[in-house]
Amino acid sequence: MRNFVQAGCNLDLTAPRALASGEGFIVGNLFAVASTDAASGGTLVGVTEGVFILPKKPAAVIAAGGRVSWDNTAHQCDAPGAGLYPVGVAVEAAGNGASTVTVRLDGVSTAAA
């Protein structure tokens, strides 16, 4: 295929803020996890597919197999809701008080609900 560019699960992106390796971030309508540290405006590889342990709003209750959204203001996962970006599905339950959730990223474009 002469028109194939790349698989698309690892993309060169511009950091919207200072990021540490493993942090989630939004660029336009694309959610990714930083593969390395990057300064705001720096280039880094964002991973858009796979299973990641990400920070979660402690009060959020997300069932195994439940949809997971990203709060781009608090920079953490939450249950779906207005103003949040759908990013994937929980691999295991994460209840009230849990500070993380294990998420299988969809790797698709997203937009705030």
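Residues numbered from 1 in each chain as written. Predicted model: local features only at pLDDT ≥ 70, side-chain atom pairs only at ≥ 80, totals over all residues. Heavy atoms only, no water.

### Concerning the overall build of the protein
- Within the protein, the secondary structure is distributed over zero helices and nine strands.
- Traced from its N-terminal end to its C-terminal end, the protein shows the element sequence β-β-β-β-β-β-β-β-β.
- Radius of gyration (C-alpha) of the protein: 14 Å, near the 13 Å computed for a compact globule of 113 residues.
- For the C-alpha atoms alone, the extent of the protein along its principal axes is close to 45 × 35 × 25 Å.
- For the protein, with 113 residues in total, the buried portion stands at 38%.
- A sequence separation of at least 24 residues applies to 49% of the contacts in the protein between residues at least 6 apart. (Helix = DSSP H or I, 4+ residues; strand = E, 2+ residues; numbered from the N terminus. Rg over C-alpha atoms; globule rule 2.2 N^0.38 Å. Buried < 20%, exposed > 50% of the residue type's maximum accessible area, 1.4 Å probe, protein only. Contact = heavy atoms within 4.5 Å.)

### Focus: the packing of aromatic side chains
- The final tally for this structure, using the stated rule, is one aromatic pair.
- Aromatic pair Phe31 and Trp70: ring centres 5.0 Å apart, planes at 55°, arrangement tilted. With a gap of 39 residues between them, Phe31 in strand E3 (residues 30-34) and Trp70 in strand E6 (residues 67-71) connect regions that are remote in the sequence.
- Assessed through its relative accessible area of 6%, Phe31 is described here as buried. (Phe/Tyr/Trp six-rings, centres within 6.5 Å; stacked < 30°, edge-to-face > 60°.)

### Considering the sheet that holds E3
- One open sheet accounts for four strands, arranged E1-E4-E3-E2; its pairing is antiparallel. Strands with a single pairing partner mark the edges of an open sheet, and in this sheet they are strand E1 (10-14) and strand E2 (24-27). Geometrically, the sheet is characterised by an average inter-axis angle of 50° between neighbouring strands, direction not taken into account.
- When E1 meets strand E4 (residues 43-47), the two strands line up antiparallel, connected through five bridges. Paired with Thr14 across the two strands is Thr43, which belongs to E4. (Pairing = 2+ DSSP bridges. Axes fitted to C-alpha atoms, helices over the stretch in contact; angles between N-to-C directions.)

### Re the pairing of E4
- Direction of pairing for E3 relative to E4: antiparallel, over a ladder of two bridges. Its bridge partner lying in E4, Val33 is registered against Val47.

### Digging into the side chain of Thr48
- Residue placement: Thr48 occurs in the loop between E4 and strand E5 (50-55).
- One polar contact links the side chain of Thr48 to the main-chain carbonyl oxygen of Gly8, over a distance of 3.1 Å.
- In this view, Thr48 contacts Gly8, Cys9, Leu11, Leu30, Phe31, Ala32, Leu105, Asp106 and Gly107; residues no more than four positions away in its chain are not counted. (Polar contact = N/O pair within 3.5 Å; in protein donor to acceptor, adjacent residues only side chain to side chain.)

Taken by themselves, the reported measurements are silent on function.
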